[in-house]
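# Residue-level structural notes
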2 protein chains.
Amino acid sequence: MKAEIISIGTELLLGEIPDTNASYLASQLPLLGIDLNWVSQVGDNHARLVEVLRRAWDRSDLIITGGGLGPTEDDITREVVAELLGEEMILDQTLVSEMEQMFLKRGWKMPERNLKQAMVTSSVTSVPNPYGTAPGWWVEKDGRMLVTLPGPPRELHRMWTQEIAPRLRKKSTSILVSRVFKLLTLGEATVDEMASPLLSSTNPTIGVYAKFDGIHLRLAAKAANEQAALDLMAPFEQQLRDIFGTNIWGTDDDTLESAVGGMLTEKGLSLATMESCTGGLLASTITDAPGSSAYFKGGLVTYATQSKIDSGVDPAVIEKHGVISAETALAMATAARDRFGADIGIGVTGVAGPDGLDGKDAGTVHIGIDYQGSKKNVFINLPPRRIEVKRRAVLLALAELRKLLIA
Amino acid sequence: MKAEIISIGTELLLGEIPDTNASYLASQLPLLGIDLNWVSQVGDNHARLVEVLRRAWDRSDLIITGGGLGPTEDDITREVVAELLGEEMILDQTLVSEMEQMFLKRGWKMPERNLKQAMVTSSVTSVPNPYGTAPGWWVEKDGRMLVTLPGPPRELHRMWTQEIAPRLRKKSTSILVSRVFKLLTLGEATVDEMASPLLSSTNPTIGVYAKFDGIHLRLAAKAANEQAALDLMAPFEQQLRDIFGTNIWGTDDDTLESAVGGMLTEKGLSLATMESCTGGLLASTITDAPGSSAYFKGGLVTYATQSKIDSGVDPAVIEKHGVISAETALAMATAARDRFGADIGIGVTGVAGPDGLDGKDAGTVHIGIDYQGSKKNVFINLPPRRIEVKRRAVLLALAELRKLLIA
């Protein structure tokens, strides 16, 4: 099956946003054994959209459009697809009621112009979109398929995974199954070297990728069905696990906070935080994991030195070692433990930037962990970009906690 | 001048990387007064690349390609462009010497296969690439222009800013200036309706976009120079400000946290938080703004009910109204104020999900603000997606604080 992706929206041609929808969909098609030959971006322009769609209809078996389903005058995907199909648009009363309900829930009356989002044609099966007001279209006609997806990535992802991918899977003759293994504390080149005996394999293939949360190893096998692909992958997974051991902290959609959360739950341990330079991001990341209320007791964001002291940090420690120091980070960890009655406390102090503080450069971060009275410190010097310092300090704190929980 | 961008590389069709080169180039063209009508991605496939280039040559005045200039067999951009031009490729001995020098500097002998990067045709002016071994091509023929750029973003950016943009600027007769106005607490359709008297304007143009931090109105004018464009925009900006008033919270690169931070600084007010369902994200967002240590006293993440009580929330309030209630949110706001000695306290309590809690649905959020003793409450019912509930609750809290600071 030959597929084509068309992303619609003048904002793409103005470079206001990169087309992450196209790259997301491109990454998903191989999993269904579908080849992608063409990708293009086109503005909210009737003539040009007609041209692009007609050509796609002539040369591709499956056309996926993203964007242009909104309620405004700019949003013309429905009109143009109806024109391509040579079919009339009619109002679907069931969709109208559903949309009115959705607005009602938020306490609003549905504006008149949202009505166009409830239009369909005779070849169209409407596709639910619980995250927005724009339903998608699924069209099968003359041996071709066409799918219109909403532009907001959250809505597009949900519609793809829940509605479109399952329908396409039924039509596919071969599939690709992949699994991602996530590693921390090893560099990309080191991982590449350690995995090198396996990298020449063609089915399954193994790829090494540097991502924001560490190095990802991607194992992917092509086969007639899922079980056959898994059978191909199994011996390779075993070899990867033999090579990397506990450096692999998770797979696929695992997040570091959920991996750590799972270990805390298993061991029946609770956690509390006191953070300065990360400003609440550590607590927020920990609580991104569903079920974190079972082990996360609470956190303190002690931005000012006085608030650290008020929260139980000994002023003599700050006086002697400075507010940005290993000792203060540990005192914060212990104070967090005490204050919330938790088994483990994490303290983070440092300089997020852009300017230095207290004689320390921006990017300096100290992390302290108090694990039932046993204490550990780490220090890192990051590039002085505020948001990046916060993000990487949080990853490091969670990675260090994970090490302690494994040991 | 009508432009077209073609990004070349099979990795784009596999979704391994998003096409950031195309969005970068797209963002740069309007500044030169060049309209971009078409963007597409194509794999390292001879037949399809020929097809795409021929069509571009027929319909566009300026074609910009990115990628496919490397030394491997996959890299076919030069061959295909030469074919399009109907010209023979010849080795440019000056380029050969330069490339040999570049390799020598790194202590390497130039591999034979890099020679293809030194090929040109009779219409080609070679464009220097000090960051890599692949020079670009600048072609002018039959009233059309074609530019080939290397794929690695660092090389492409440098070649664009240093070599290509200056040449194009000389050929351009107009530029585009744009400004973004950011709004909150109004839906996209409502903004569209309110702005509708202005939306039919063709210069400047006004576009309405739904973004994660609210609705963006983009005003853009084309003129011979910047001042003329600003003059065109001024009366429209005034009308937008008349229509939307204080619903506009910022422009261009402003963030809500920096907008609120600026108002707090100006009024000399300080802030503290106590949050439950947002788990620290409110504090983290506030402290994303550089300089926030001047007004942000600190925050508490009181996930457990007991930790709310320990932090100064009256247990009788929780007992009477429930932990997820307007009254508890306000009591948290007041406790945060008291505890950190701040002028303003914000309390957030709710259910991030995925499961309900205490008889309340996931997505239920109460926000309380205590502004020097004067109190305000808001309530929202969000779609029950954990990360999204956190993010939108934080935006709402900051938007409500902003309203109080304006009043």
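Everything quoted here is computed from the prediction, not taken from an experiment.

The subject of this paragraph is the overall build of chain A. When helices and strands are counted, chain A shows 14 helices and 17 strands. Overall, the C-alpha framework of chain A stretches about 80 × 55 × 40 Å when taken along its three principal axes. The buried share of chain A, taken over its 407 residues, is 56%. For chain A, restricting intrachain contacts to residue pairs at least 6 apart in sequence, the fraction spanning at least 24 positions comes to 67%. Of the roughly 16,700 Å² of accessible surface on chain A, 51% is carried by carbon and sulfur atoms.

So, about helix H5 (residues 93-105) of chain A. Residues and elements named next belong to chain A. With 13 residues, H5 should cover 18 Å at 1.5 Å per step; its first-to-last C-alpha distance of 19 Å lies within 8% of that length. Along H5, the positions that sit buried rather than exposed are Leu95, Val96, Met99 and Phe103. Projected down its long axis, H5 carries its buried residues within an arc of 100°, all on one side. The exposed set on the far side of H5, more than 90 degrees from its buried face, consists of Gln93, Thr94, Gln101, Leu104 and Lys105.

Turning next to unusual backbone geometry. Look at the link from Asn203(A) to Pro204(A): it is a cis peptide, with omega at 5°. Looking at the secondary structure, you find Pro204(A) in the loop between helix H7 (188-199) and strand E10 (205-211). Even without being a glycine, Asp252(B) presents a positive backbone phi close to 45°. As for its placement among the helices and strands, Asp252(B) is situated in the loop between strand E12 (248-251) and helix H9 (256-267). Here Asp252(B) falls in the partly exposed class, since its relative accessible area comes to 33%.

All names here are of chain B. Note on placement: Val42 falls in strand E2 (residues 35-42). A relative accessible area of 0% means that Val42 is categorised as buried. Separated by 248 residues in the primary sequence, Val42 and Pro290 have C-alpha atoms spaced 42 Å apart. Setting aside its immediate chain neighbours within four residues, Val42 contacts Ile6, Ser7, Ile8, Gly9, Leu13, Arg48, Leu49 and Val52.

For the rest of this paragraph, the subject is the packing of helix H7 (residues 188-199) of chain B against helix H8 (residues 226-244) of chain B. All names here are of chain B. Contact geometry for H7 and H8: axes closest at 10 Å, N-to-C directions at 145°. Viewed along their axes, H7 and H8 form a crossing whose handedness is right-handed. Taken together, the residues of H8 that come into contact with H7 (itself represented by Val191, Met194, Ala195 and Leu198) are Phe236, Gln239, Leu240, Ile243 and Phe244. The residue makeup of the contact of H7 with H8, split by class, is eight nonpolar, one polar and no charged.

Turning to the interface of chain B and chain A, a few remarks are in order. Counting residues at the interface gives 61 residues for chain B and 60 residues for chain A. Interface area for chain B against chain A, summed over the two sides, is near 5,200 Å², with a carbon-plus-sulfur share of 53%. Of all residues in chain B, the largest losses of buried area upon contact with chain A belong to Leu13(B), Trp38(B) and Tyr303(B), amounting jointly to 11% of the total for that side. For the interface between chain B and chain A, the tally reads seven salt bridges.

The subject of this paragraph is a negative patch on the surface. A surface patch of like charges, here negative, comprises Glu11(B), Glu16(B), Glu73(B) and Asp74(B). Mapping Glu16(B) onto the fold places it in the loop between helix H1 (10-13) and helix H2 (20-28).

Residue and element names in this part refer to chain A. Overall, antiparallel pairing links the four strands, which are arranged E10-E11-E9-E12 in an open sheet. Only two strands of the sheet have a single neighbouring strand rather than two, namely E10 and strand E12 (248-251). Geometrically, the sheet is characterised by an average inter-axis angle of 25° between neighbouring strands, direction not taken into account. Inspection of the sheet shows strand E9 (residues 175-183) paired to E12 by three bridges, in the antiparallel sense. Pairing of Lys182 across the sheet is with Gly250, part of E12.

With that settled, consider the domain arrangement of chain A. All names here are of chain A. By the assigned domains, chain A splits into domain 1 (2-169), domain 2 (175-251) and domain 3 (256-406). For domain 2 and domain 3, the distance between their C-alpha centroids amounts to 32 Å. Facing seven residues of domain 2, the contacting portion of domain 3 comprises eight residues. When the two sides are added together, the surface that domain 2 and domain 3 hide from each other amounts to roughly 630 Å², 71% of it contributed by carbon and sulfur. It is Leu184, Phe212 and Trp249 in domain 2 that bury the most area against domain 3; as a group they hold 67% of the surface buried on that side. Between domain 2 and domain 3 we count zero salt bridges in total. On inspection of domain 2 and its partner domain 3, the count reaches two residue pairs in polar contact (both at pLDDT 80 or more). Taken together, the residues of the side of domain 2 that touches domain 3 break down into four nonpolar, two polar and one charged.

Here we come to H9(B). Residues and elements named next belong to chain B. Under the 1.5 Å per step criterion, the end-to-end length of H9 is 17 Å for 12 residues, consistent within 8% with the ideal 16 Å. Residues of H9 that are buried: Leu256, Glu257, Ala259, Val260, Gly261, Met263 and Leu264. Each element contacted by the buried residues of H9 is listed here: E12, strand E13 (271-275), helix H10 (281-286), strand E15 (344-350) and helix H14 (386-406). Gly268 occupies a position one or two residues after H9 and carries a positive phi of about 65°.

To continue, consider the pairing of strand E17 (residues 374-381) of chain A. Residues and elements named next belong to chain A. Pairing between strand E16 (residues 364-371) and E17: eight bridges, direction antiparallel. Directly across from Thr364, in E17, lies its bridge partner Asn381. What sits between the antiparallel neighbours E16 and E17 is a turn of two residues, in which Gln372 has the positive phi angle 50°.

Let us look at the packing of aromatic side chains. As enumerated under the stated definition, the model contains two aromatic pairs over all chains in all. For the ring pair Phe296(A) and Tyr303(B), a centre distance of 5.9 Å and an interplane angle of 70° mean the geometry is edge-to-face. Separated into two different chains, Phe296(A) in strand E14 (residues 296-301) and Tyr303(B) in the loop between strand E14 (296-301) and helix H11 (305-310) make up a pair that spans both. Tyr303(B) gets classed as buried once you look at its relative accessible area, which sits at 14%. The ring of Tyr131(A) is capped by Arg154(A), whose NZ or CZ atom sits 4.4 Å from the centre of that ring. Positioned above the aromatic ring of Phe340(B), the side-chain terminus of Arg339(B) is 5.6 Å from the ring centre.

Per-residue confidence for chain A gives a mean pLDDT of 93; residues scoring 70 or more make up 100%. Both confidence scores are given for the complex: pTM 0.76, ipTM 0.75.

Taken in spatial order, the 12 strands make up an open sheet running E6(A)-E7(A)-E8(A)-E3(A)-E1(A)-E2(A)-E2(B)-E1(B)-E3(B)-E8(B)-E7(B)-E6(B), and their pairing is mixed. What marks the edges here is a single partner per strand, and that holds for strand E6 (124-127) of chain A together with strand E6 (124-127) of chain B. On average, each strand axis in the sheet is inclined to that of its neighbour by 15°, with strand direction left out of account. Relative to strand E7 (residues 136-141) of chain A, E6(A) runs antiparallel, the two sharing four bridges. Following the sheet pairing, Thr125(A) is matched in E7(A) by Trp138(A). Against the sheet, helix H2 (residues 20-28) of chain A engages strand E1 (2-8), strand E2 (35-42), strand E3 (62-66) and strand E8 (144-149) of chain A, with an angle of about 165° to E1(A). Each of strand E3 (62-66), E6, strand E7 (136-141) and strand E8 (144-149) of chain B touches helix H6 (residues 153-171) of chain B; the most contacted strand, E8(B), lies at about 165° to it.

Rules of the game
- Each residue is numbered by its place in its chain's sequence as written, counting from 1.
- Going through the entries in the order they are written, you letter the chains from A and number the ligands from 1.
- The predicted origin of the model limits local features to residues at a pLDDT of at least 70 and limits the giving and counting of side-chain atom pairs to 80 or more, whereas totals for whole chains, interfaces and linings rest on all residues.
- Values reported for side chains reflect all heavy atoms of the structure, with hydrogen atoms and water molecules removed beforehand.
- Secondary structure is summarised from DSSP: a helix means a run of H or I of at least four residues, a strand means a run of E of at least two, and numbering begins at the N terminus for each.
- Burial classification: accessible surface area is computed with a 1.4 Å probe over protein chains only, and a residue below 20% of its type maximum counts as buried, one above 50% as exposed, and the rest as partly exposed.
- Contacts were defined at the residue level, with two residues in contact if any of their heavy atoms lie within 4.5 Å.
- Surface accessibility follows the Shrake-Rupley procedure with a 1.4 Å probe radius. Residue values consider only the protein chains on display as shielding.
- A helix is expected to reach a length of 1.5 Å times the quantity of its residues less one.
- The arc refers to the directions leading from the helix axis to the C-beta atoms.
- Working convention: axes come from line fits to C-alpha atoms, limited for helices to the stretch in contact. Angles between N-to-C directions cover 0 to 180 degrees.
- Whether a crossing is left-handed or right-handed is set by the direction in which the near helix is turned from the far one by less than a right angle, anticlockwise for left-handed and clockwise for right-handed.
- Only Asp, Glu, Lys and Arg are considered charged, only Ala, Val, Leu, Ile, Met, Phe, Trp, Tyr, Cys and Pro nonpolar, and every remaining residue, Gly among them, polar.
- The buried area of a pairing is the accessible area, by a 1.4 Å probe, that goes missing from both parts when the two are put together, added over both.
- Each salt bridge in this description consists of a side-chain nitrogen of Lys or Arg and a carboxyl oxygen of Asp or Glu lying within 4 Å of one another.
- To count toward a patch, a residue needs a relative accessible area above 30% and no salt bridge. Like charges then connect within 9 Å, nonpolar side chains (Val, Leu, Ile, Met, Phe, Trp, Tyr) within 5 Å.
- Just so you know, the count uses Lys and Arg for positive and Asp and Glu for negative, and it drops His and the chain ends.
- Charged groups are reduced to one reference atom each: NZ for lysine, CZ for arginine, CG for aspartic acid, CD for glutamic acid.
- Following DSSP output, two strands are said to pair if at least two bridges run between them.
- Start and end positions for the domains come from either an automated domain assignment or a database one.
- Definition of a polar contact: a pair of N or O atoms within 3.5 Å, with one able to donate and the other able to accept a hydrogen when the atoms are protein atoms, and with sequence-neighbouring residues admitted only if both atoms are side-chain atoms.
- The aromatic pairing rule takes the rings of Phe, Tyr and Trp, using the six-membered ring of Trp, and pairs them if the centres are within 6.5 Å, calling planes under 30 degrees apart stacked, those over 60 edge-to-face and the rest tilted.
- Sitting over a ring, as applied to charges here, requires NZ of Lys or CZ of Arg to be within 6 Å of the ring centre and within 35 degrees of the ring normal.
- The predictor attaches a confidence to each residue, called pLDDT, with possible values from 0 through 100.

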